[in-house]
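Notes for the structure review
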Amino acid sequence: MNTFKRWAGILVTVFIAAPLVIVVPMSFSSASSLQFPPPGYWLGYYRAYFTDLDWLIPTWNSIVIASATTLLTMLLVVPATFALVRHKFRGKGVADLMMLMPLAVPHIVMAVGYYSYLGDLGLVHSHMGVILAHTCLSVPIAFLVLSANLKGFDRNLERAALSLGASPTKTFIHITLPILRPGLIISALFAFIQSFDETVVAIFISGRDAETLPRKMFDSIRQEADPVIAVISTLLFFLVLVGIATPYFISTLRSRAPTPSRSPAGAH
Amino acid sequence: MTSYLELSNITKAYGNFTALDNVSLSVEKGEFVTFLGPSGSGKTTTLMIVAGFEKASGGSVRVGGRSISELAPHERNIGIVFQNYALFPHKTAAENVYFPLQMRGVNRAKGLRQAEDMLSLVGLKGFGHRHPKELSGGQQQRVALARALVFEPSLLLLDEPLGALDKNLREQMQIEIKRIQRSLGVTTIFVTHDQSEAMSMSDRIVVFDKGRIEQCAAPLDIYHSPQTSFVASFIGESNLIPATVTNAAARIANSPVLGSFDYAGSDNALADGQEVTLLIRPEHIKLSRNPIEDRKSARMTVETIVNYGDNALVIGRAGDIPMRVRVLGADVVIIKEGEECCISWTPDSVFVITR
């Protein structure tokens, strides 16, 4: 049984890790299209990515769209989550369902819908159109993350703050928000990644003007299979790796450090 | 005449359910009053109404002669310690205690000094830089207490604050809380369902049941002269015997099972023929093989003996009335489970309850 489990574990790891193992060497490949194993190694495609506007503009578009999507999502989701988690009102069940709907409907269906709807509004092939569509897709994800956090929030903390003389606004600023900060950050991160990663809707409505990175990669793999795709994949992979490892690294460093004898006034 | 804290005719209804029914209470400045009752009795609801987190359906709350019913919780200047302490996890102990001062515009350096002083008072000198998760349950409790006291609140409310602590720590904290409360002279309301906690800490106990105040009196008065059979059975152990007053002038009642009873006294005027309940505390009953002269006695079948070492609880039946007798641990050897023995008491250990 144990042997079986071990082999199953190894198999799963290999399957998950295999694409990464392939993509990283391919990014250093000297072949003119995606090819494994690479015939030789050089950094040319890295240079190509960082100098070619055909790649840099979609990257910039993706960053702008994902940032704007995140901002808009959080502006909508934070008040909505507080309302849906903490209050009872008529039509709450319907509101709950509507929030999560985009998660259940296939992206391709959403994409067709956005295409005709945003077309009527004249927003197809514009940043604003993609931002609006991506926000709709990010809202349920951010809502799920944040509502789980808010449900676990001990409301006695707010009561305590009120009893200690903090007005409801000050309670929110000094107590609720800081304690929910990790949840807010993760929620925003998911919204950002959702938009940055989204391909189907982007293919339908982003056009040339608002072309996002995943769309450009998709186009490229269909037409020329430019190894720059492997470069981008590798860069994104290491970006995520750093993002995951940093908090872990910091907390390890902190717990190893001897407890500093801070003066209470300096403790913050 | 007005007291420091006045609750007048407080009612609270949730739909058709009456959570509080005409609760009125006066508390003097500096008093330590305990709300005691089973869960759902209305004690916590009353506390939440005083704190402002629940709105009463009717009645008023006055502190120092001023009505606070219309004030929001943060305008009431009331310190609260919650059962789970509700310490702010992102702030250090000192910052937690500084928080109420910060909200009152005290600058950081001065406020943190004051917070450290308060932490010393509750026995946590030098713990100011720790975060709540680096403190034990008892220490968190002390921080919560310091935080609720540092801004000199007009009232201190404690909502079952000792519930989460183990027994030894709880007894230690009972003494600590009493000491701190006395030294600051803060008017305190303490909510608990633990009767021994209520007995050991309070100036007065308010017993709640089903949204009403059953009795409000000093701990020993509650113990020795309970006004209702609920109070008698909730505070301490009790033997309750239904009886009828046969001769009020001569202080004699009759129990269908145990026969004629002499009782020493009662706070209430009784009439012949009145239905009453007689209370005899288990420690006032003597256990013997044979009847003892000058004592009212009855025969009891012993069902269970629980020996705690220093004392033992003998549970049995006299007729169909369940009886509990507390004896010294060494004395219990004279009887065995299943045997019949003699129980006896004097008239002055019989208390008459009219409700």
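This one's a predicted model, so the numbers in the text were calculated from it and none came from an experiment.

Counting its secondary structure elements, chain A contains eleven helices and zero strands. When its helices and strands are written in sequence order, chain A yields α-α-α-α-α-α-α-α-α-α-α. Computed over C-alpha atoms, the radius of gyration of chain A comes to 23 Å, more than 25% over the 18 Å expected from 2.2 N^0.38 for 268 residues, which places it beyond the range of a compact globule. Taking the principal axes of its C-alpha atoms as reference, chain A extends roughly 70 × 60 × 50 Å. Of the contacts made within chain A by residues no fewer than 6 positions apart, 69% connect residues no fewer than 24 positions apart. On chain A, roughly 15,600 Å² of surface is accessible, and the fraction owed to carbon and sulfur atoms is 71%. Side chains of chain A give 19 positive and 13 negative charges; the mean places of these two sets differ by 18 Å.

Residue and element names in this part refer to chain B. When its domains are assigned, chain B resolves into domain 1 (5–229) and domain 2 (237–353). On the side of domain 2, eight residues touch domain 1, which itself brings eight residues to the contact. Between domain 1 and domain 2, a total of about 720 Å² is buried, with carbon and sulfur atoms accounting for 51% of that surface. When residues of domain 1 are sorted by the area they lose upon contact with domain 2, Tyr 223, Pro 226 and Ser 229 head the list and together hold 60% of the total. Where domain 1 packs against domain 2, one counts zero salt bridges. Counting across the domain 1 and domain 2 interface gives two residue pairs in polar contact (both at pLDDT 80 or more). At three residues, the largest contribution of residues to the side of domain 1 that touches domain 2 is made by helix H7 (residues 219–224).

Within a pair of aromatic rings, the relevant descriptors are the distance that separates the centres and the angle that separates the planes. Scanning the model with the defined rule gives eleven aromatic pairs over all chains in all. Between Trp 42 of chain A and Tyr 45 of chain A, the ring centres sit 5.7 Å apart and the planes meet at 80°, which makes this aromatic pair edge-to-face. A relative accessible area of 39% places Trp 42 of chain A in the partly exposed class. The positively charged end of Arg 147 of chain B is found above the aromatic ring belonging to Phe 88 of chain B, 4.5 Å away from the centroid. When the ring centre of Tyr 223 of chain B is taken as origin, the NZ or CZ atom of Arg 281 of chain B, which lies over that ring, is 4.1 Å away.

For side chains bearing opposite charge, pairing can occur when the charged atoms are close. Applying the stated criterion across every chain, the model contains 22 salt bridges over all chains. For Lys 167 of chain B, the salt bridge identified is with Glu 171 of chain B, shortest N-O distance 3.5 Å. Taken together, the residues span about one helical turn, with Lys 167 of chain B and Glu 171 of chain B both in helix H5 (residues 167–184) at a distance of four residues. Between Lys 178 of chain B and Asp 203 of chain B there is a salt bridge, and its shortest N-O distance comes to 3.9 Å. Residue Lys 178 of chain B is found in helix H5, and its partner Asp 203 of chain B is found in the loop between helix H6 (195–201) and strand E9 (204–209); the two are separated by 25 residues along the sequence. Asp 203 of chain B sits in the partly exposed class, given a relative accessible area of 34%. When salt bridges with common partners are traced through the structure, they connect Arg 208, Glu 211, Arg 215, Asp 219 and Arg 222 of chain A into a single cluster.

Overall, the prediction assigns chain A a mean pLDDT of 87, with 95% of residues at 70 or greater. Every residue in residues 259–268 of chain A is under pLDDT 50, and counting partners more than four places away or in other chains gives ten contacts.

The buried fraction of helix H2 (residues 93–103) of chain B is high, at ten of eleven residues. For H2 of chain B, the full list of buried residues reads Ala 93, Ala 94, Glu 95, Asn 96, Val 97, Tyr 98, Phe 99, Pro 100, Leu 101 and Met 103 of chain B. Its buried side turned inward, H2 of chain B meets helix H7 (155–163) and helix H8 (168–197) of chain A together with helix H3 (108–121) and helix H4 (137–149) of chain B. Looking at the residues trailing H2 of chain B, positive phi occurs at Gly 105 of chain B, about 80°.

Time to look at unusual backbone geometry. Residue and element names in this part refer to chain B. In this model, Tyr 85 sits at a positive phi of 70°, which is unusual for a non-glycine residue. Note that Tyr 85 resides in the loop between strand E6 (78–81) and H2. Phi is positive for Lys 210, which is not a glycine, with a value near 50°. With respect to the element layout, Lys 210 can be found in the loop between E9 and strand E10 (212–217).

Rules behind the numbers
Residues numbered from 1 in each chain as written. Chains lettered and ligands numbered in written order. Predicted model: local features only at pLDDT ≥ 70, side-chain atom pairs only at ≥ 80, totals over all residues. Heavy atoms only, no water. Helix = DSSP H or I, 4+ residues; strand = E, 2+ residues; numbered from the N terminus. Rg over C-alpha atoms; globule rule 2.2 N^0.38 Å. Contact = heavy atoms within 4.5 Å. Areas by Shrake-Rupley, 256 points an atom, 1.4 Å probe, with all protein chains shown as cover. Lys, Arg positive; Asp, Glu negative; His and termini not counted. Charge placed at Lys NZ, Arg CZ, Asp CG, Glu CD. Domains from an automatic or database assignment. Buried area = accessible area lost by both parts, 1.4 Å probe. Salt bridge = Lys/Arg side-chain N within 4 Å of Asp/Glu carboxyl O. Polar contact = N/O pair within 3.5 Å; in protein donor to acceptor, adjacent residues only side chain to side chain. Phe/Tyr/Trp six-rings, centres within 6.5 Å; stacked < 30°, edge-to-face > 60°. Buried < 20%, exposed > 50% of the residue type's maximum accessible area, 1.4 Å probe, protein only. Lys NZ or Arg CZ within 6 Å of the ring centre and 35° of its normal. pLDDT = per-residue confidence, 0-100.

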